[in-house]
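Chains, contacts and geometry: an overview
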Amino acid sequence: MANILSKEFYESKDVVQIAKDLLGKKLVSHVNGKRTSGTITETEAYRAPEDLASHARGNKRTLRNEAMFSAAGHAYVYICYGIHNLFNVVTGPQNTPHAVLIRAIEPLEGLDTMMYRRKMSWPKHEMMNGPGKFTVAMGITIKFDRTLLYDKKSPVQIWDNEVEVKEIISGPRVGLSHHTKESGHWPWRFRIKGNKWTSKPDVVKYEW
DNA sequence: CACCGGATTGGCT
DNA sequence: GCCAATCCGGTGT
């Protein structure tokens, strides 16, 4: 019998460890009467204030990133490039802006709904392999910014999942090429080794 | 109030 | 590989 991840899951460890622990967990959404779910296959940790790649670098606090300063177990959803809704899990104590970006999932339930939302006729890799793609498939938008993830009444939840994660690959986070500072190269992107449902294939140069 | 730019994607060369 | 799409918060005048 699977359980919803508890408040303690999100607040009891460091964000980098939680980014690894989230691999293999089940992300569930209930949107417009449709249930969809998938196994989390790829994450990235963002650890402000010292992490210059985070929106909350230097503890910069704005309307957009307010959720990151809220208590652990909330969602931080923001719009990237005006088009894409990117979904994060807030961790750490209140006012400590740590978050995990979910970058990809492997579909489990609601395949028809996810294919419809992604305008696809059959399930394929491209349906889910990116942070702005699986959010479309699961109906996750900025509307769900600041929602609680460990409440069974929430539209977005994360659950235990009978998936054994054997090996994790880490590497540099994606899309931070403009960051020349050290934090831009921290190996805080994590993937389930061998899983095809990730945003990029396993490439040697990404090995840490 | 104008301008800038991004934790991306998909279509076209 | 290149690059436009498309929005809105952040910043400075």
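Just above sits the structure.
Okay, so let's go over this structure. (Residues numbered from 1 in each chain as written. Chains lettered and ligands numbered in written order. Predicted model: local features only at pLDDT ≥ 70, side-chain atom pairs only at ≥ 80, totals over all residues. Heavy atoms only, no water.)

Some details on the protein's contact with DNA strand B
Here is the rule we go by: Distances are taken per atom, and a residue is near a molecule or strand as soon as one of its heavy atoms is within 4 Å of it. For this analysis, a polar contact is any N or O atom pair within 3.5 Å, provided that within protein one partner can donate a hydrogen and the other can accept it, and provided that sequence-adjacent residues contribute only side-chain to side-chain pairs. Secondary structure elements are defined from DSSP: runs of H or I of at least 4 residues count as helices, runs of E of at least 2 residues count as strands, and each element is numbered from the N terminus.
The environment of DNA strand B is made up of 21 residues, and the closest members are H55, H84, N88, G132 and K133. Sugar and phosphate atoms constitute 50% of the interface atoms of DNA strand B, taking the interface as everything within 4 Å of the protein. In this structure, Y78 approaches DNA strand B through a side-chain N or O atom, which is 3.2 Å from a base nitrogen. In this structure, G132 approaches DNA strand B through a main-chain N or O atom, which is 2.8 Å from a phosphate oxygen. For the surface near DNA strand B, the secondary-structure elements that each account for two or more residues are β3 (75-80), β4 (84-91) and β5 (98-109). The element that contributes the greatest number of residues to the surface near DNA strand B is β4, accounting for three residues.

Focus on the pattern of salt bridges
Formally: When a carboxyl oxygen of Asp or Glu is within 4 Å of a side-chain nitrogen of Lys or Arg, the pair counts as a salt bridge. Buried means the residue's accessible area, taken with a 1.4 Å probe over protein chains only, is under 20% of the maximum for its type, while exposed means over 50%, and partly exposed covers the values in between.
Enumeration over the complete set of coordinates arrives at 13 salt bridges. In this structure, the salt-bridge partner of K7 is E11, at a minimum N-O distance of 3.1 Å. One end of the pair, K7, and the other, E11, are both in helix α1 (residues 7-11), four residues apart, so they sit about a helical turn from each other. With relative accessibility at 31%, the residue K7 sits in the partly exposed group. Among the salt bridges present, the one from E44 reaches R103, with a minimum N-O distance of 3.7 Å. With a gap of 59 residues between them, E44 in strand β2 (residues 34-47) and R103 in strand β5 connect regions that are remote in the sequence. Since its relative accessible area comes to 7%, R103 is described here as buried. Salt bridges sharing partners connect three or more residues here, namely E42, E44, R103 and R189.

So far we have only geometry, and geometry alone does not tell us how the molecule works.
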